[in-house]
Amino acid sequence: MAKIKKIGVLTSGGDAPGMNAAIRAVTRTGIYNRLKVIGIRHGYEGMINGHFKELKAHSVSDIIQKGGTILKTARSKTFRTIEGRKQAYEKLKAEGMDAVVVIGGDGTLTGARKFSEEFDIPFVGIPGTIDNDIYGTDYTIGYDTALNTVVEAIDKIRDTASSHNRLFFIEVMGRDAGFIAYRSGIACGAEAILIPEIKGQVEGLKDFLEKGFKRRKSANIIIVSEGDESGGAFSIAKKVKKDFVDYDVRVSILGHMQRGGTPSAYDRVTASLFGHAAVQALMDDQKSVMVGMDNGEISHCTFNKAIKKNKTLDVEKMDIAEILSI
Ligand code: F6P
């Protein structure tokens with residue numbers, strides 16, 4: 001394969017704290033290796049529309065500590081069509097781009113896989129989503145920061161829950177996965193955690209609340225993952241309210257605050273390592289792979305595997321959460 005000289009970098013899908021650290025690492029690793037680095041704005045949408053701007057080493061100064069993404073992001077419907085991807089290819093060719101690093105979650109990697117099957121410009125992926133739901137990496141950029149944001153918010157809610165002896169249903173993000181709910185639940189000592197990976201939890205919850213009420217637990221925090229089968233925190237709260245009229249029930253949806261804020265040290269370091277590894281992978285002639293973390297070491301996983309396989313949450317450990325909340 002001809003030596004690559006010019007690479008693009010983009011962020012796509014939901015933003016995640018640490019994406020800027022990854023952009024910085026891609027840019028500076030590229031420049032260090034005498035590559036031209038082009039920032040593609042607004043994700044795949046920007047690729048289709050040719051929104052390109054060269055990034056110099058100083059273009060990524062003072063961003064490692066910032067949430068969001070300086071390149072902006074989007075969920076592109078057009079890139080899901082073959083016409084859209086063809087248009088993107090033509091823009092990349094016209095710009096003389098030899099390879100692209102994409103930073104994002106499941107949708108971003110799915111787009112990258114399709115494009116790589118159809119066209120001859122190599123793509124390498126970096127997992128960036130607060131959901132941590134990508135197979136082939138223990139860890140996705142943004143997860144640690146989001147978790148800390150959630151924990152801080154729930155600690156505050158517990159103060160008021162205890163003062164009023166209330167039962168709180170707190171909904172956290174994680175479209176199809178319960179990673180944020182599960183870990184924040186353990187970290188906050190939640191009385192129960194409802195996640196999409198486990199079915200039929202509502203009956204058990206009623207049982208649990210029955211016992212809790214008898215024991216006069218002063219406050220209860222129930223964490224509900226947004227993708228849970230119960231239909232979200234409002235819906236489950238409504239059901240529970242009917243059976244437990246003595247409980248003073250409140251609902252709190254944490255929402256998009258979970259996606260913002262200064263990235264944690266862990267996210268900054270991981271994103272920096274991922275950015276460096278992604279450029280290295282392209283220079284080693286790799287393509288259609290996502291860089292990731294496997295037991296503390298940088299790993300590579302094909303787009304195919306990363307998308308098609310489901311990353312499983314170790315549901316057996318839910319027992320521990322239950323034991324610790326008696
Ligand atoms: O994938 C990250 C995520 O924050 C999910 O947890 C959530 O379901 C989704 O994005 C929300 O997306 P949007 O910002 O487009 O509403």
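It should be emphasised that the depicted structure is a prediction, and the values quoted were computed from it without experimental measurement.

### Looking at the sheet that holds strand β8 (residues 220-225)
Phase 1 of the analysis: The sheet built from four strands is open, its strands ordered β7-β8-β6-β9 with parallel pairing. The open sheet has two edge strands with one neighbour each: β7 (192-194) and β9 (248-253). Between one strand axis and the next, the sheet turns by 20° as a mean value, whatever way the strands run.
Phase 2 of the analysis: Pairing of strand β6 (residues 166-172) with β9, which is carried by six bridges, proceeds in the parallel orientation. Paired with Arg166 across the bridge in β9 is Asp248.

### A closer look at a positive patch on the surface
Phase 1 of the analysis: Residues Arg75, Lys77, Arg80, Lys114 and Arg175 make up a contiguous surface patch of positive charge.
Phase 2 of the analysis: By secondary structure assignment, the location of Lys114 is in helix α4 (residues 106-118).
Phase 3 of the analysis: Classification of Lys114 by relative accessible area gives partly exposed; the value is 34%.

### Quick word on the packing of helix α1 (residues 19-32) against helix α9 (residues 265-283)
Phase 1 of the analysis: Viewed as axis vectors pointing N to C, α1 and α9 meet at an angle of 35°, and their least axial separation amounts to 7 Å. Note on packing geometry: the crossing formed by α1 with α9 is right-handed. Of the residues in α9, those touching α1 at Ala21, Ala22, Ala25, Val26, Thr29 and Gly30 are Arg268, Ala271, Ser272, Gly275, His276 and Val279.

### Here we look at the site of the ligand
Phase 1 of the analysis: Residues in close proximity to the ligand include Arg75, Thr129, Ile130, Asp131, Met173, Gly174, Arg175, Glu226, His256 and Arg259, which together make up its full environment.
Phase 2 of the analysis: At a separation of 2.5 Å, an oxygen atom of the ligand approaches a polar side-chain atom of Glu226.
Phase 3 of the analysis: With the chains in place, 76% of the 400 Å² that the ligand exposes on its own is no longer accessible.
Phase 4 of the analysis: Spatially, the ligand is embedded in the largest pocket.
Phase 5 of the analysis: Across the shell around the ligand, the residue classes tally to two nonpolar, three polar and five charged.
Phase 6 of the analysis: Residue contributions to the shell around the ligand reach at least three from each of two domains, namely domain 1 (6-142 + 263-308) and domain 2 (143-259).

### A short note on the environment of Leu324
Phase 1 of the analysis: Of note, Leu324 is situated in helix α11 (residues 318-324).
Phase 2 of the analysis: Overall, the relative accessible area of 63% leaves Leu324 in the exposed class.
Phase 3 of the analysis: A sequence separation of 20 residues divides Leu324 from Asn304, and the C-alpha atoms of the two residues are 38 Å apart.

### Notes on the domain arrangement of the chain
Phase 1 of the analysis: You can read the domains of the chain as domain 1 (6-142 + 263-308) and domain 2 (143-259).
Phase 2 of the analysis: Averaged C-alpha coordinates put domain 1 and domain 2 at centres separated by 34 Å.
Phase 3 of the analysis: Listed per partner, the contact involves 18 residues of domain 1 and twelve residues of domain 2.
Phase 4 of the analysis: The junction of domain 1 with domain 2 conceals about 1200 Å² of combined surface from both sides, 49% of it contributed by carbon and sulfur atoms.

### Some details on the pairing of strand β4 (residues 99-104)
Phase 1 of the analysis: Burial analysis of β4 places six of its six residues in the buried class, the great majority of the element.
Phase 2 of the analysis: Alternating positions in β4 separate into two faces, Ala99, Val101 and Ile103 on one and Val100, Val102 and Gly104 on the other, with burial throughout.
Phase 3 of the analysis: As judged from the five bridges shared by strand β1 (residues 6-11) and β4, these two strands associate in the parallel manner. Looking at β4, one finds that Val9 is bridged to Val101.
Phase 4 of the analysis: For β4 and strand β5 (residues 123-127), the ladder comprises five bridges, and the chain directions are parallel. Paired with Val101 across the bridge in β5 is Val124.
Phase 5 of the analysis: Taken together, β4, α4 and β5 form a β-α-β motif whose crossover is right-handed.

What counts, and where the lines are drawn
Residues numbered from 1 in each chain as written. Predicted model: local features only at pLDDT ≥ 70, side-chain atom pairs only at ≥ 80, totals over all residues. Heavy atoms only, no water. Pairing = 2+ DSSP bridges. Helix = DSSP H or I, 4+ residues; strand = E, 2+ residues; numbered from the N terminus. Axes fitted to C-alpha atoms, helices over the stretch in contact; angles between N-to-C directions. Patch = residues over 30% accessible without salt bridge, like charges linked within 9 Å, V, L, I, M, F, W, Y side chains within 5 Å. Areas by Shrake-Rupley, 256 points an atom, 1.4 Å probe, with all protein chains shown as cover. Salt bridge = Lys/Arg side-chain N within 4 Å of Asp/Glu carboxyl O. Lys, Arg positive; Asp, Glu negative; His and termini not counted. Charge placed at Lys NZ, Arg CZ, Asp CG, Glu CD. Buried < 20%, exposed > 50% of the residue type's maximum accessible area, 1.4 Å probe, protein only. Left-handed = near helix turned anticlockwise from the far one by under 90°. Contact = heavy atoms within 4.5 Å. Near = heavy atom within 4 Å. Polar contact = N/O pair within 3.5 Å; in protein donor to acceptor, adjacent residues only side chain to side chain. 1 Å grid on protein atoms, 1.4 Å probe; cavity = no way out; pocket = protein on both sides within 12 Å on 5 of 7 lines; lining within 4 Å. Sits in = over half its atoms within 2 Å of the grid points. Nonpolar A, V, L, I, M, F, W, Y, C, P; charged D, E, K, R; others polar. Domains from an automatic or database assignment. Buried area = accessible area lost by both parts, 1.4 Å probe. Right-handed = clockwise from strand over helix to strand, strands pointing away.

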